[in-house]
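Fold and geometry: a report
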Amino acid sequence: MKARWIITAVSAALFFGGSLFTSLRDPWFQNLQRPDWLTFEFIIPFVWTFIWACTTISAIIVWEKRTRQGFRPWYLMAIYAAIAISTSAYSPIVVELRSLTGGIFMGGLATLLVYILAFVVKPISPKASWLFLPYALWGPFGTYLTWLLLQLNPGVAN
């Protein structure tokens, strides 16, 4: 039971870590031209909260299954952490550094790591692997959306 709370606490710290350094309510970011069809931007924080919860639950499942088998899957937890860090780094990179290109890179990197980790943990727990589905679907969309912002705002952001 203790590992669940540690994983949850670390996950929450990483999740909220990016928002401690910046806010997507920054005037520069808010004034970027957006695609006309992006009418649901207000739900994006809820989508990410759901994705983060699924990823955290996946990490807990993998940790508990592997430790019952006599292993401590630190290398897998390191990949979960890399996903969390690259996801959390998106906002500071985009807003503070004003780099949509950096956001595309971080979003793509995190999504690639999600695909890899989902494949790696499937033999340990299919359920833990399926919990990556929301990220696996949203990650490419979010990365594409950042690319669109870059196309719609030439010269404003790199």
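Reference entry: report on the structure contained in this document. (Residues numbered from 1 in each chain as written. Predicted model: local features only at pLDDT ≥ 70, side-chain atom pairs only at ≥ 80, totals over all residues. Heavy atoms only, no water.)

Topic: the pattern of salt bridges
All chains considered together, the criterion is met by 2 salt bridges. Notably, a salt bridge pairs Arg34 with Glu41, separated by 2.8 Å at the nearest N-O pair. Judged by relative accessible area, Arg34 falls into the buried class, the value being 14%. (Salt bridge = Lys/Arg side-chain N within 4 Å of Asp/Glu carboxyl O. Buried < 20%, exposed > 50% of the residue type's maximum accessible area, 1.4 Å probe, protein only.)

Let's talk about the side chain of Ser129
Looking at where Ser129 falls in the secondary structure, it is placed in helix H6 (residues 126-130). Residue class for Ser129 comes out buried when judged on its relative accessible area of 12%. Setting aside residues up to four positions removed in sequence, Ser129 forms contacts with Ala118, Val121 and Lys122. (Helix = DSSP H or I, 4+ residues; strand = E, 2+ residues; numbered from the N terminus. Contact = heavy atoms within 4.5 Å.)

Describing the nonpolar core
With 29 residues, the main nonpolar core has Val62, Met77, Tyr80, Val121 and Phe132 as its most contacted residues. Of all the secondary structure elements, the ones that give two or more residues to this core are helix H3 (44-68), helix H4 (74-96), helix H5 (100-121) and helix H7 (133-152). Of all the elements, H3 adds the most residues to this core, at 9 residues. Apart from the residues lying within four places of it in its own chain, the contact partners of Val62 are Pro73, Leu76, Met77, Tyr80, Val121, Ile124 and Ala128. (Core = buried A, V, L, I, M, F, W, Y, C linked by side-chain atoms within 4.5 Å.)

Here we look at the layout of surface pockets
Taken as a whole, the largest pocket spans an internal volume of roughly 1,000 Å³. Around the largest pocket, the lining comprises 37 residues; the ones closest to its centre are Leu24, Ile44, Pro45, Trp48 and Ser91. At the level of elements, helix H1 (2-21), helix H2 (27-30), H3, H4, H5 and H7 are the ones that each hand at least two residues to the lining of the largest pocket. If you tally residues by element for the lining of the largest pocket, the top one is H7, at 8 residues. Estimated volume of the second largest pocket: approximately 350 Å³. Lining the second largest pocket are 16 residues, with Ile6, Ile7, Val10, Ala59 and Met77 positioned closest to its centre. When residues in the lining of the second largest pocket are grouped by element, the largest group, 6 residues, is from H1. A breakdown of the residues in the lining of the second largest pocket according to their chemical character gives 13 nonpolar, 3 polar and no charged. (1 Å grid on protein atoms, 1.4 Å probe; cavity = no way out; pocket = protein on both sides within 12 Å on 5 of 7 lines; lining within 4 Å. Points joined across faces, edges and corners; volume = space filled by probe spheres on them. Nonpolar A, V, L, I, M, F, W, Y, C, P; charged D, E, K, R; others polar.)

So, the packing of aromatic side chains
In this structure the tally under the stated criterion is 8 aromatic pairs. Here Tyr80 and Phe132 contribute two aromatic rings whose centre-to-centre distance is 5.6 Å and whose plane-to-plane angle is 25°, an arrangement assigned as stacked. Residue Tyr80 is found in helix H4, and its partner Phe132 is found in the loop between H6 and H7; the two are separated by 52 residues along the sequence. Residue classification places Phe132 among the buried positions, given a relative accessible area of 1%. In this arrangement the basic side chain of Arg34 is found over the ring face of Phe29, its NZ or CZ atom lying 4.9 Å from the centre. (Phe/Tyr/Trp six-rings, centres within 6.5 Å; stacked < 30°, edge-to-face > 60°. Lys NZ or Arg CZ within 6 Å of the ring centre and 35° of its normal.)

What about the packing of H4 against H5?
Helix-helix packing is described using two parameters, namely the angle between the two axes and the distance between the axes. Close contact between H4 and H5 brings their axes to 9 Å; oriented N to C, the two are set at 160°. One finds that H4 runs roughly antiparallel with respect to H5. The chirality of how H4 crosses H5 is left-handed. In this structure, H4 contributes Leu76, Ile79, Tyr80, Ala82, Ile83, Ser86, Thr87, Ala89, Tyr90, Ile93 and Val94 to the contact, and H5 contributes Leu100, Gly102, Gly103, Met106, Leu109, Ala110, Leu113, Val114, Leu117, Val120 and Val121. (Axes fitted to C-alpha atoms, helices over the stretch in contact; angles between N-to-C directions. Parallel < 35°, antiparallel > 145°, perpendicular 65-115°, else oblique. Left-handed = near helix turned anticlockwise from the far one by under 90°.)

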